[in-house]
Amino acid sequence: MNGGHTPGYLLAQIESALCRAFPSKTKLAMMLQHQFSKNLEEVARGENFTEIVYKVVQYFQTRNRLKKLINKALKENPDNPELKAINEKYKITISLVKLLRPLEKNFINQMQQAYQACCPDKLWEDWEDELPDSLAEIIGNLDDIPQPNDDEKPIVKFVARLFKTGDIPEKTAKELKQWITENANNPSDVLSPSNSDSQNHQQQNLDAQPYLLVKLYSSKQYQQQRQPSYLVSAWFIPDINNYNYLLNHENCKFLQTPPADGESEQDIFYIEDLPKLIDFFLDQLIHYSREYYRQPILVFFLPYQLLLNYEIEKFEIQDDDNLPIPIGSEYCVIFRSVKRLKNYRHQSQWLRKWKHIQNSNKTICLNNFAFSNFEDWQELYAYVKQNDAIGLKLHQPPCDQILKVIDRTAIPVTLWLRQNNFTTINCQQALEQLLNCQINQLPEKVKEQRLQAFPKGNKQEHIGHHLALLWEDPDLLPPQINYTTL
C-alpha cells in the first residue's frame, strides 16, 4: 500500500503512537534492531527524542514503508492500545485516500457536500464558514469529530454520503461499497436508506433550490419567415446541489412542450406563444411540489434579438386565478446567452471569472465589480481586457455588438436598464442602491425591485419595471445534448 499520500495529521498521530509505545531512544533502537535489523543511528539522528521519532517516520514514509513500520512496531509491542488504534486508522484512511485521490479534482464539490452533511451541527457552527478545499483537509477534519459509543466512524458516514450521491464513476462506486462493507460497524444499515436518511433528505429538500431552464433558439431553416419562430426546449432541476450537467442527467427533468408528442425535445413556437409555454412548464412542476418547497428560479437562454427586444420578465402568467402577474414579480428571472451553450471557446476564462465571483460572494457588488457604460464596443472590449472585469452595469440596453463583447470576454454578470428616460428618479443612484448587496443576493434583489414596481403600474417611474439581469453561471446548464437542428 502506498503511504506517499499519507495526510499530515495521520503522520503526527503515528509519531505520537511510536513515542508512547517506545518512550525512550533505547526502546526505539531495540525495535528497529529486532524488527528491521537496522541501527537507529543509520535511520535518524536528532537533538531530542521527538525529533528522532519524526525522522524515523519520515525515513519509512519516503520509502513507502509506513505500513510495515506500524506492523513491525505492533509486533514488537503487541498489547499497546495506541499502536493497535493507529494500525486500524492507517489501514482505513490510506485505503480510502487511494480510492478517492484520483477523483479529487473533478469531484471536490461532491466531497464537500458529503462532508458537510455528516458534520454535527454544533461543530459546524464553531468551524469556519469555508468548506475544506482538499481531500486531505476533509479527512483531517472528520478525524477531529468525536465518535459516540457504538456509532459509525465519521469517515464511514462521509463515504456513505458520497456513495449515495450517484455521481461517482461505477468502478469507484463498487470499490467504495466494498470499503464500507469492510470498515463499517453495520454495513447494511449504512448502505440502505434509514429513517434518519429520510429525515436528512427531507431537510435537504427544504433547502433545495429548484430551477426551470427554458431555451429559445432561432433555427436557420425558419429565418426566412416574416414572423420569427424559435425552437424551444425546457428542463427542470429539482436541486442544483445534486445536479451536474456533464455527469448525472437523471437529476434534470426534460419537460414536454404542447402539443406533446413524447419524442421531440424541441418544437417551433412564436414569441407570442411564450407566456402560455411558461405556464405549461410550470404546471408540469406540480409533480415535484410536495418534495421541493422553494420557488424555482426561471432561467431563459436567449439569442441576442430576444435579449434586446423582448421584456420576457413582464410576461403575465395568469394561472387558474386569472390574475395577470408578471413572472418577474412572482419568480426570480435571469437571462443567459445561447452562445455559451455549445462550443463556447472562452470556457476557461468564463470558469475563472465565475470562480472569482464565488470566492467573493460575501462582498458588496459595488466594491467588487468594475461597472461602466460605453458608447461603442471597441471601448468596452479594451476596458474589460485591461481591467479583467467580471461584471458590468449599463444604464441603457446593450446593442448587439456590446452583447458580443460580453460573450467574447466571458463576463459572467451584466445588469442593465431597458429604459432610463426618468424624470422623477435618478437611475444611476437607484442602481447603485440596488447593487449595495452581496453578489450572491443580486438575482433576488432584482426580483424584489420588480415586485416593488408591480403595484405602481407601468405609468409610474421605478427601475423595477426595466431591469434585465444576465447571470451566466457555467455550472447551470442543461444536460449536454447534440442538437442536430442547431
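Shown above is the structure to which this text applies.
Tallying secondary structure elements over the protein gives 22 helices and 11 strands in all. Residues classed as buried in the protein amount to 46% of the 486 residues present. When the accessible surface of the protein is totalled, it reaches about 25,600 Å², and 44% of it is carbon and sulfur.

Take the environment of E375 next. Summarising the element assignment, E375 is placed in the loop between α18 (365–368) and α19 (377–387). Given a relative accessible area of 77%, E375 falls into the exposed group. In this structure the C-alpha to C-alpha distance between E375 and C399, which are 24 residues apart in sequence, comes to 9.4 Å.

Quick look at the environment of R352 now. Positionally, R352 belongs in helix α17 (residues 347–359). Owing to a relative accessible area of 43%, R352 belongs among the partly exposed residues under this scheme. A C-alpha to C-alpha distance of 10.0 Å links R352 and P412, two positions 60 residues apart in sequence. A polar side-chain atom of R352 sits 2.9 Å from a polar atom in the side chain of D388.

Attention shifts here to the pattern of salt bridges. Pairing between side chains becomes possible if they bear opposite charge and their charged atoms approach one another. Within this structure, the stated rule accounts for 17 salt bridges. R340 serves as the salt-bridge partner of E472, at 3.8 Å between the closest nitrogen and oxygen. One end of the pair, E472, is in the segment after β11 (467–471); the other, R340, is in the loop between β8 (333–337) and α17, and 132 residues separate them in sequence. Exposure class is identical for E472 and R340. Each is buried.

Contact pair helix α1 (residues 8–21) / helix α6 (residues 81–100): the axes reach a minimum separation of 9 Å and the direction vectors enclose 160°. By the angle class used here, α1 and α6 are roughly antiparallel. The handedness of the crossing between α1 and α6 is left-handed. Facing α1, whose interface residues are Y9, L10, Q13, I14, S16, A17, L18, R20 and A21, α6 presents E82, L83, I86, K89, Y90, T93 and I94.

Helix-helix packing is described using two parameters, namely the angle between the two axes and the distance between the axes. Here α19 crosses helix α20 (residues 400–408) at 20°, and the two axes come no closer than 9 Å. One way to sum up the angle between α19 and α20 is to call them roughly parallel. For the element pair α19 and α20, the recorded crossing hand is right-handed. Contacts between α19 and α20 involve W377, L380 and Y381 from the former and Q401, I402, V405 and R408 from the latter. When the residues that make up the contact of α19 with α20 are grouped by side-chain class, the tally is 5 nonpolar, 1 polar and 1 charged.

Quick look at the nonpolar core now. M111 and F158 are the most contacted members of the largest nonpolar core, which totals 62 residues. Not counting residues up to four positions away in its chain, the partners in contact with F158 are L100, M111, A114, Y115, C118, I138 and L142. In this structure, F236, I271, V333 and L470 belong to the second largest nonpolar core, which totals 43 residues.

For the rest of this paragraph, the subject is the packing of aromatic side chains. Inspection of every chain in the model, using the stated rule, returns 5 aromatic pairs. Here the aromatic rings of F300 and F335 are separated by 6.2 Å at their centres, their planes lie at 40°, and the arrangement is tilted. In this pair, F300 is assigned in strand β5 (residues 297–302) and F335 in strand β8, connecting sequence segments 35 residues apart. Taken together, the ring pairs connect F36, Y59 and F60 into an aromatic cluster. R63 extends its terminal NZ or CZ atom over the ring of Y59, reaching a point 3.7 Å from the ring centre. Here R340 stacks its cationic end above the ring of W350, 5.1 Å away from the centre of that ring.

How each quantity is defined
Residues numbered from 1 in each chain as written. Predicted model: local features only at pLDDT ≥ 70, side-chain atom pairs only at ≥ 80, totals over all residues. Heavy atoms only, no water. Helix = DSSP H or I, 4+ residues; strand = E, 2+ residues; numbered from the N terminus. Buried < 20%, exposed > 50% of the residue type's maximum accessible area, 1.4 Å probe, protein only. Areas by Shrake-Rupley, 256 points an atom, 1.4 Å probe, with all protein chains shown as cover. Polar contact = N/O pair within 3.5 Å; in protein donor to acceptor, adjacent residues only side chain to side chain. Salt bridge = Lys/Arg side-chain N within 4 Å of Asp/Glu carboxyl O. Axes fitted to C-alpha atoms, helices over the stretch in contact; angles between N-to-C directions. Parallel < 35°, antiparallel > 145°, perpendicular 65-115°, else oblique. Left-handed = near helix turned anticlockwise from the far one by under 90°. Contact = heavy atoms within 4.5 Å. Nonpolar A, V, L, I, M, F, W, Y, C, P; charged D, E, K, R; others polar. Core = buried A, V, L, I, M, F, W, Y, C linked by side-chain atoms within 4.5 Å. Phe/Tyr/Trp six-rings, centres within 6.5 Å; stacked < 30°, edge-to-face > 60°. Lys NZ or Arg CZ within 6 Å of the ring centre and 35° of its normal.

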